[in-house]
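Geometric and topological summary
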Amino acid sequence: MNEYWKGKLNDGAITCYDLILSGLQKRIETIDCKGASQEDISDAYFAVYKDHPELFYMSNSPFISRKETKLVGLFSNSSVSTSVRATNIYDNRTIEKCRNEIDKIVKSLSKNQSEFDLVLQCLEYVVLNTEYKIDNQLNQNAAAALCYHMSQCSGISKAVKLLLDRMNVFCIIVEGQASGNSNQMEPHAWNIVQVNGVYYHIDA
């Protein structure tokens, strides 16, 4: 597993990244980010969102709050605390069910192949087992594609990264614009992989 987007953060956001990642792994709903700026928290949250598709229960709409406490007395003082609330989009039972299903998928895939063939295998699995469907935030995570077999580009790219992470193949999620059916530029997500030292854009 690689944390490419973490490496693009400033020092303050990296601290937030570690706090947010730890909190999400423990399924803590409100994560204390100390006195970090709201911008650093937002940047860190979405870096975790792209680096860790195994946290498929992450909401793509975090709520960031800032609280300032003033102490009045002989020595006046004030402190600022910030936190992010990330309500899980699946309940605990569903999370465990999806984790077990994803483990079964990973075990069913062959790992004794070249990097090229590992990428091809994972792409084929996702393409053949996922219906492209735009609906809501439940279609924007890896479990939507791997467990419920319907997703949009954001969830499909996360599913590809999750599988390739488990195969120890370098893979990141990228976001940008692509030409849709109407020939209009639209938001899109896909992957970049490294195969034999060469980087390729891939789009499942």
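Use the structure listed above.
Okay, so let's go over this structure. (Residues numbered from 1 in each chain as written. Predicted model: local features only at pLDDT ≥ 70, side-chain atom pairs only at ≥ 80, totals over all residues. Heavy atoms only, no water.)

1. Considering the layout of surface pockets
Taken as a whole, the largest pocket spans an internal volume of roughly 330 Å³. Taken together, 15 residues line the largest pocket, and the ones lying closest to its centre are Tyr132, Cys153, Glu186, Pro187 and His188. Those elements that place two or more of their residues in the lining of the largest pocket are helix 6 (153-166), strand 6 (171-179) and strand 7 (185-195). When its residues are assigned to classes, the lining of the largest pocket shows six nonpolar, seven polar and two charged. For the second largest pocket, the calculated volume is near 180 Å³. As for the second largest pocket, its lining consists of Met1, Pro53, Glu54, Leu55, Phe56, Arg99, Ile102, Asp103, Leu162, Asp165 and Arg166. In terms of residue class, the lining of the second largest pocket is built from six nonpolar, no polar and five charged. (1 Å grid on protein atoms, 1.4 Å probe; cavity = no way out; pocket = protein on both sides within 12 Å on 5 of 7 lines; lining within 4 Å. Points joined across faces, edges and corners; volume = space filled by probe spheres on them. Helix = DSSP H or I, 4+ residues; strand = E, 2+ residues; numbered from the N terminus. Nonpolar A, V, L, I, M, F, W, Y, C, P; charged D, E, K, R; others polar.)

2. Side note on helix 1 (residues 11-25)
Here helix 1 is 15 residues long and its end C-alpha atoms lie 21 Å apart, about the 21 Å a rise of 1.5 Å per residue gives. Within helix 1 the residues assigned to the buried category are Ala13, Cys16, Tyr17, Ile20, Leu21, Gly23 and Leu24. One side of helix 1 carries all its buried residues, which in axial view fall inside an arc of 165°. The opening residue of helix 1 is Asn10, an N-cap whose side-chain oxygen sits 3.1 Å from the backbone nitrogen of Gly12. Arg27 sits one or two positions beyond helix 1 and adopts a positive phi of about 60°. (Expected span 1.5 Å × (residues − 1). Buried < 20%, exposed > 50% of the residue type's maximum accessible area, 1.4 Å probe, protein only. Arc of directions from axis to C-beta. Polar contact = N/O pair within 3.5 Å; in protein donor to acceptor, adjacent residues only side chain to side chain.)

3. A closer look at empty space enclosed by the protein
Taken as a whole and judged by the stated rule, the model has one cavity of 30 Å³ or more. The volume enclosed by the largest cavity comes to roughly 30 Å³. Around the largest cavity, the lining residues are Tyr49, His52, Pro53, Leu55, Phe56, Met58, Asn141 and Lys158. Tallied by class, the residues present in the lining of the largest cavity amount to five nonpolar, two polar and one charged.

4. Overview of the packing of helix 1 against helix 2 (residues 38-51)
Running from amino to carboxyl end, helix 1 crosses helix 2 at an angle of 55°, the nearest separation of the two axes being 8 Å. Put simply, helix 1 runs oblique to helix 2. When the axes of helix 1 and helix 2 are compared, the crossing they make is right-handed. Between helix 1 and helix 2, the residues in contact are Gly12, Ala13, Cys16, Tyr17, Ile20, Leu21 and Leu24 and Asp40, Ile41, Ala44, Tyr45, Ala47, Val48 and Asp51, respectively. Class assignment of the residues belonging to the contact of helix 1 with helix 2 gives a composition of 11 nonpolar, one polar and two charged. (Axes fitted to C-alpha atoms, helices over the stretch in contact; angles between N-to-C directions. Parallel < 35°, antiparallel > 145°, perpendicular 65-115°, else oblique. Left-handed = near helix turned anticlockwise from the far one by under 90°. Contact = heavy atoms within 4.5 Å.)

5. A look at the side chain of Asn139
For Asn139, the location among the structural elements is in the loop between strand 4 (131-132) and helix 5 (142-146). On the basis of relative accessibility, which here comes to 5%, the residue Asn139 falls in the buried class. At 3.4 Å, the side chain of Asn139 forms a polar contact with the backbone oxygen of Lys133. Apart from residues no more than four positions distant in its own chain, Asn139 is found in contact with Lys133, Ile134, Ala144, Met150, Ser151, Gln152, Ser154 and Gly155.

6. Focus on the pairing of strand 6
Taken together, the nine bridges between strand 6 and strand 7 define a ladder with antiparallel strand orientation. Looking at the pairing, Gln177 lines up with Pro187 of strand 7. In textbook terms, the turn of a hairpin is the stretch between consecutive antiparallel strands, and for strand 6 and strand 7 this stretch comprises five residues, one of which, Asn183, has a positive phi near 65°. (Pairing = 2+ DSSP bridges.)

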